[in-house]
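Chain and residue survey
Take a look at the letters that make up each chain.
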Amino acid sequence: MNTVSETNVRLIASPKSWIEGEAVRQLYATAKFKGMRGAIGFPDLHPGKGVPVGAAFVAEGVIYPHIIGVDIGCGMALFQTDLVRRDAKLDRWAALYFHLEHPWEEDVAGFLAEQDLKSTAHDSALGTIGGGNHFAELQTVEKVHDVKEFSLSGLGKQQLVMLVHSGSRGLGESILREHVSVHGADGMAADSGAAEKYLREHDFAARWARANRMLIARRFAKRIGTEVKCLWDGCHNSITRGENASEPVWIHRKGAVTVAGSFVVIPGSRGSLSYVVKPLGDGASHAWSLAHGAGRKWSRSDARQRMRERFSVSELAQTPLGGRVICEERELLYEEAPAAYKNIETVVQDLVAAGLVSVIATLRPLLTYKLRRS
């Protein structure tokens, strides 16, 4: 394991994990912020807008809203369905109009009340996926690696599950932009009035994002004739008070997921498996966090250029694993091609080698929904 340690910086990655030099530079630069006590880069580390994605930062007495960015509460959730593998009708389901790009036209007020959320100017975005790497995906269990832990997870060997990746949509963006317009992009004392206001709004956006994933799953499930139950929800972009820390610290996760819970899902690209893993250790050495996915290998512009030259749209609409992809925006299809992402097997094996996780099971994508134009 090639683990680089320097005071408060740790990069968890093996020589097999290709990580851009710019991402490492951003990791070290962010580690120099006032009050920073730890900066942890995971195998999915890649460059972001000034701050790398695939990292967790531990600060004492100060918070940095710009580290986690505009999509506060972005994350993934795994849902149980009442369908089994033999129920899968991929050709028929791939032709359905799920309308997840459009506002939900049912009882929004009732749903907000159920989720204990107040109405905002962003109600119309509830239940919508958004762009970029967000998706709703139907999956099946590929292989069980740990029978005991699998039995505790709530998953069934033949059962179809749903993985949803989305965030707080325009709500999180509005919170950060308002904050920056008043206070700039610098950090602030965690006990200041400005920080307390931001954290209240941040926590609301995180709960809103979680509810959004729930509603997306319900909408998706309804179209294929099933119901869902949430088994796990993991936030990737957040600022939280330290978990099990001996001193009061603030954990900033930018493309990193908390180790809280009996299991964590680490997804690959739409053309590779997702991993259900059990967090190991006390968490302190890696900021109580784990990699959130495969991580980008190519920038979006590079992916568009490379994929145009190698694949047609129809070729990218079906994955090497036999899954279907619903994405009717050509550029987005190229940007999110499986080849644009790192090898998820390497990412997970790096975490295993570092003693951070053990593998419980793998999940195979069947139907990935991103966008329809109508």
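Shown above is the structure to which this text applies.
These figures come from a predicted structure and were not determined experimentally.

1. Things to note about the overall build of the protein chain
- When helices and strands are tallied, the protein chain shows 11 helices and 18 strands.
- A compact globule built from 374 residues should have a C-alpha radius of gyration of about 21 Å, and the protein chain, at 20 Å, falls within 12% of that.
- Referenced to the eigenvectors of the C-alpha coordinate spread, the extents of the protein chain come out at roughly 55 × 50 × 45 Å.
- Considering the protein chain as a whole, with its 374 residues, one finds that 55% of them fall into the buried category.

2. Structural notes on the packing of aromatic side chains
- Throughout the structure, instances matching the rule amount to four aromatic pairs.
- With a centroid separation of 5.1 Å and 40° between ring planes, the pair formed by Phe-33 and Tyr-64 is classed as tilted. Here Tyr-64 lies in the loop between strand S5 (62-63) and helix H2 (65-68) and Phe-33 lies in the loop between helix H1 (21-31) and strand S3 (36-46), a separation of 31 residues in the sequence.
- Put simply, the rings of Phe-98, Phe-220 and Tyr-369 touch in pairs and so form one group of aromatic residues.
- The lysine or arginine in question, Arg-296, covers the ring of Tyr-341, its NZ or CZ lying 5.0 Å from the ring centre.
- Lying over the aromatic face of Trp-298, Arg-306 brings its terminal NZ or CZ to 4.3 Å of the ring centre.

3. Quick notes on unusual backbone geometry
- At His-99, a position not held by glycine, the phi torsion is positive, near 60°.
- You can see His-99 is positioned in the loop between helix H3 (90-94) and helix H4 (108-114).
- Residue class for His-99 comes out partly exposed when judged on its relative accessible area of 36%.
- Located in the positive-phi region is Asp-116, a residue other than glycine, with phi close to 55°.
- Secondary-structure assignment places Asp-116 in the loop between H4 and strand S7 (135-144).

4. So, the environment of Pro-43
- Mapped onto the secondary structure, Pro-43 falls in strand S3.
- Once you skip the residues sitting within four places of it in the chain, Pro-43 turns out to touch Ile-12, Ala-13, Ser-17, Ile-19, Ala-291, Lys-342, Val-347, Asp-350 and Leu-351.

5. Details of the pattern of salt bridges
- Counted by the stated rule, this structure contains 18 salt bridges.
- We note a salt bridge from Arg-37 to Glu-60, for which the minimum N-O separation is 3.5 Å. On the criterion of sequence distance, the pair formed by Arg-37 in strand S3 and Glu-60 in the loop between strand S4 (53-59) and S5 is long-range, its members being 23 residues apart.
- Arg-37 sits in the partly exposed class, given a relative accessible area of 40%.
- The exposure class assigned to Glu-60 is partly exposed, which follows from its relative accessible area of 38%.
- Ionic pairing is found between Glu-142 and Arg-364, a salt bridge with its closest N-O pair at 2.7 Å. With a gap of 222 residues between them, Glu-142 in strand S7 and Arg-364 in strand S18 (residues 357-371) connect regions that are remote in the sequence.
- The class for Glu-142 is partly exposed, based on a relative accessible area of 36%.
- A residue is classified by how much of its surface remains accessible, and Arg-364, at 21% relative accessible area, is partly exposed.
- Put simply, Arg-296, Arg-300, Arg-304, Arg-308, Glu-331, Glu-335 and Glu-336 are held in one network by salt bridges that share partners.

6. Description of the pairing of strand S8 (residues 159-166)
- Extensive coverage of S8 is indicated by the burial of eight of its eight residues.
- Judged by which residues are buried, S8 turns out to be covered on both faces: Gln-159, Val-161, Leu-163 and His-165 on one side and Leu-160, Met-162, Val-164 and Ser-166 on the other are all buried.
- Here strand S6 (residues 75-84) pairs with S8 via seven bridges, running antiparallel. Pairing of Met-76 across the sheet is with His-165, part of S8.
- Here six bridges tie S7 to S8, and the two strands are oriented antiparallel to one another. Paired with Ala-136 across the strands is Val-164, a residue of S8.

Quick notes on the rules
Residues numbered from 1 in each chain as written. Predicted model: local features only at pLDDT ≥ 70, side-chain atom pairs only at ≥ 80, totals over all residues. Heavy atoms only, no water. Helix = DSSP H or I, 4+ residues; strand = E, 2+ residues; numbered from the N terminus. Rg over C-alpha atoms; globule rule 2.2 N^0.38 Å. Buried < 20%, exposed > 50% of the residue type's maximum accessible area, 1.4 Å probe, protein only. Phe/Tyr/Trp six-rings, centres within 6.5 Å; stacked < 30°, edge-to-face > 60°. Lys NZ or Arg CZ within 6 Å of the ring centre and 35° of its normal. Contact = heavy atoms within 4.5 Å. Salt bridge = Lys/Arg side-chain N within 4 Å of Asp/Glu carboxyl O. Pairing = 2+ DSSP bridges.

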